[in-house]
Amino acid sequence: MISADVIIVGAGIAAHSVACRLADSDKKVIMITKSKKENCNSTLAQGGISVALGENDSYMQHYEDTLTAGCGLNNKESTLKLVKTAPDVIREFIDKGMEFDKNPDGSISFGKEAAHRLARVIHAGGDRTGLKVMEQLYRNLDGRAEIVENEPVIDVILKDGAAKGVVTRTAQGKYNTYCAPYVVLACGGVGNLYPGTSNDGTITGDSVALGYRCGAELKNLEFVQFHPTLLTFNGKNFGLITEAVRGDGGVLINEKGEKIMEGVHPMKDLAPRDVVSRAVYTHTLKGEQIFLDISAISGFKERFPYVSEICESNGVDLSKNLIPVAPGAHFHMGGIKALPTGETSVEGLYAVGEAACTGVHGANRLASNSLLEGLVFGKLTAENILNSNRQLEECEYVFPETQPVRPLPTKKEIKRVMMNCVGIIRTEEKLKRAVEFFEKYMPEGKDFGRIDPRSVSDEELEIYNMLTAGWLIAKAAEARKESFGAHYIEGEV
């Protein structure tokens, strides 16, 4: 048994935000990730952090824009907590060494992104914000937490209905038991349930599956946000093209040079992501190639070095000012139901970042609110833990006897079903088909509960987690009969 004050599953911005604050109070923290710590969505995030720091901005304006993008389904109390707390958290982050891009006069540079009424998005390294933020968090943590890599978490260990630790499996097949009075799930979303995604390859719905297996309440699982502009050609995607490109003047056009967002929404190319994604997707279903026209952006390579690198390394000639794009799975608004301070319905279990559903994103996340959520609610989660007094108990993992259904489907099959049936445009019939597909793989025909991990490989465990998360998302989508934001039922408004 390995013990700690706090166990954090994950190593992205939310996980590190929690760990940094706990380390400041000399808590023993163990962070566990199934790959390398750099393999997370946070390091890939090109967009910035939305925060009301500008002279003409206010947290109430940020709040209103967040609610508008979320179709009003946001938790208003949590959303207000996020935007009101954000300025002080970002100022503190800057005081600890974080450098954001500046104007020639030394003031912070603000960019404009979709559904924001004004420029309030701060960046670092142009379009390398996520990487720069993570590098600063690594420096802030400075080795004060133990980071365990390449150990997938199999299950959360429960005792009397409360979380007491986790069990992992090493590359050598050994099972490790980690015990702590606080278990924080911060292991991301569900991007790789779909064939095209901006997510790191490790993001396979593990947080949803882990939360479900330990009985945590889940919320808003049907809301999966697709980003409208992934570099895409010949049916394959090669990386994200940040929304800031459209904020700087990029325009979506078809092969005839026609602007596809004209007449679709008053904000045109800067409409909420669900609107733009559906518009692009509708054109691609007709066999059309959509392009992002960047001819209006001067100094593109200097402004967007990472995007330029992605394009050029995949054979896109930027001198032609056209980037081929298509939508891809980007962010999960749903997840483990949690408060801004991390608490879930399971005692001792906390969730933060994309693994959590605090309700701040409603049915559609406002651009650049995700890195913000990880920083702000990560800090609040740590402070909640510091102000409580749960005690360490020994924990033991009992191997379940249940075996998985054989043979399991391939990841490719799961991705195909999710995109075709639980994707950008849905129908009741398709959702029903998806649920039926997943239920064929329920152990003993009952549920996606705990299975004996000794009977599956790491790859099969990921597939099982994908089946669990896919089924839960499809069921949630089937239950919501009306269209809201990212959940769009064909024929509904």
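Rules used throughout
- Residues numbered from 1 in each chain as written.
- Predicted model: local features only at pLDDT ≥ 70, side-chain atom pairs only at ≥ 80, totals over all residues.
- Heavy atoms only, no water.
- Pairing = 2+ DSSP bridges.
- Helix = DSSP H or I, 4+ residues; strand = E, 2+ residues; numbered from the N terminus.
- Polar contact = N/O pair within 3.5 Å; in protein donor to acceptor, adjacent residues only side chain to side chain.
- Contact = heavy atoms within 4.5 Å.
- pLDDT = per-residue confidence, 0-100.
- Core = buried A, V, L, I, M, F, W, Y, C linked by side-chain atoms within 4.5 Å.
- Buried < 20%, exposed > 50% of the residue type's maximum accessible area, 1.4 Å probe, protein only.
- Salt bridge = Lys/Arg side-chain N within 4 Å of Asp/Glu carboxyl O.
- Phe/Tyr/Trp six-rings, centres within 6.5 Å; stacked < 30°, edge-to-face > 60°.
- Lys NZ or Arg CZ within 6 Å of the ring centre and 35° of its normal.

Trainee: I tried to follow the sheet that holds strand E8 (residues 153-159) on my own but got confused; where do I start?
Mentor: Taken together, four strands build an open sheet; the order of strands is E1-E10-E9-E8 and the sheet is mixed. Here the strands that pair on one side only, and so sit at the sheet edges, are strand E1 (2-3) and E8. Direction of pairing for strand E9 (residues 162-169) relative to strand E10 (residues 175-179): antiparallel, over a ladder of five bridges. Bridging across to E10, Thr168 finds its partner in Asn176.

Trainee: What's the story with the side chain of His227 in this structure? I'm lost.
Mentor: Residue position: His227 is located in strand E13 (residues 224-233). Here Thr229 takes part through its backbone nitrogen, which lies 3.2 Å from a polar atom of the side chain of His227. Beyond its immediate chain neighbours, meaning those up to four positions away, His227 contacts Leu240, Ile241, Thr242, Glu243, Arg246, Arg273, Ser277, Ala326, Pro327, Gly328 and His330.

Trainee: Looking at this structure, I do not really get the confidence of the model for the protein chain. What am I missing?
Mentor: Do not read the predicted coordinates in detail wherever pLDDT is low. On average, residues of the protein chain score 96 in pLDDT, and 100% of them are at 70 or above. For the protein chain, the element scoring lowest by mean pLDDT is strand E14 (residues 236-240), at 89; strand E19 (residues 349-351) scores highest, at 99.

Trainee: Would you take a moment to explain the nonpolar core for this structure?
Mentor: Soluble globular proteins tend to pack their nonpolar side chains together in the buried interior. Counting residues in each nonpolar core, the largest one holds 47 residues, and the members touching the most others are Tyr194, Val422 and Phe438. The contacts of Tyr194, once residues within four sequence positions are left out, are Val224, Phe226, Ala329, Lys415, Met418, Met419, Val422, Gly423 and Arg426. Counting residues in hydrophobic clusters, the runner-up holds 45 residues, among them Ile8, Phe100, Leu137 and Val376.

Trainee: Just to check I follow, could you spell out the pattern of salt bridges for this structure?
Mentor: For side chains bearing opposite charge, pairing can occur when the charged atoms are close. A full pass over the atoms with the stated rule returns 33 salt bridges. The salt bridge partner of Lys96 is Asp24, with a shortest N-O separation of 3.3 Å. One end of the pair, Lys96, is in the loop between helix H4 (76-95) and strand E5 (110-111); the other, Asp24, is in helix H1 (residues 13-24), with 72 residues separating them in the sequence. Ionic pairing is found between Lys164 and Glu393, a salt bridge with its closest N-O pair at 2.9 Å. Placement of the pair is Lys164 in strand E9 and Glu393 in the loop between helix H11 (370-386) and helix H12 (411-421), with a sequence separation of 229 residues. The class of Lys164 is buried, set by a relative accessible area of 8%. A relative accessible area of 31% places Glu393 in the partly exposed class. Three or more residues joined by partner-sharing salt bridges are found here, namely Asp24, Glu92, Lys96, Arg144 and Lys379.

Trainee: Would you take a moment to explain unusual backbone geometry for this structure?
Mentor: The linkage connecting Arg406 with the following residue, Pro407, adopts the cis geometry, with an omega of -10°. Counting through the fold element by element, Pro407 comes out in the loop between H11 and H12. Despite not being glycine, Ala115 shows a phi value in the positive range, around 70°. Along the chain, the position of Ala115 falls in the loop between E5 and strand E6 (121-122). The phi dihedral of Asn321 is positive, around 65°, even though this residue is not glycine. With respect to the secondary-structure elements, Asn321 resides in the loop between helix H10 (305-313) and strand E17 (322-332).

Trainee: Whenever I open this one, the packing of aromatic side chains confuses me. Can you help?
Mentor: Ring pairs (aromatic) are described by centroid distance and by the angle formed between their planes. On inspection of all chains with the given rule, the structure shows eleven aromatic pairs. Here Phe300 and Phe304 contribute two aromatic rings whose centre-to-centre distance is 5.1 Å and whose plane-to-plane angle is 45°, an arrangement assigned as tilted. Judged on exposure class, the residue Phe300 and its partner Phe304 are both buried. The positively charged end of Arg365 is found above the aromatic ring belonging to Phe331, 4.3 Å away from the centroid. In this arrangement the basic side chain of Arg454 is found over the ring face of Phe399, its NZ or CZ atom lying 4.1 Å from the centre.

Trainee: Help me understand the environment of Ile13, please; the structure alone is not making it clear to me.
Mentor: On the secondary structure map, Ile13 appears in helix H1. For the pair formed by Ile13 and Asp127, sequence separation is 114 residues and the distance between their alpha carbons is 16 Å. Not counting residues up to four positions away in its chain, the partners in contact with Ile13 are Ser42, Val133, Met134, Leu137, Leu371, Gly374 and Leu375.

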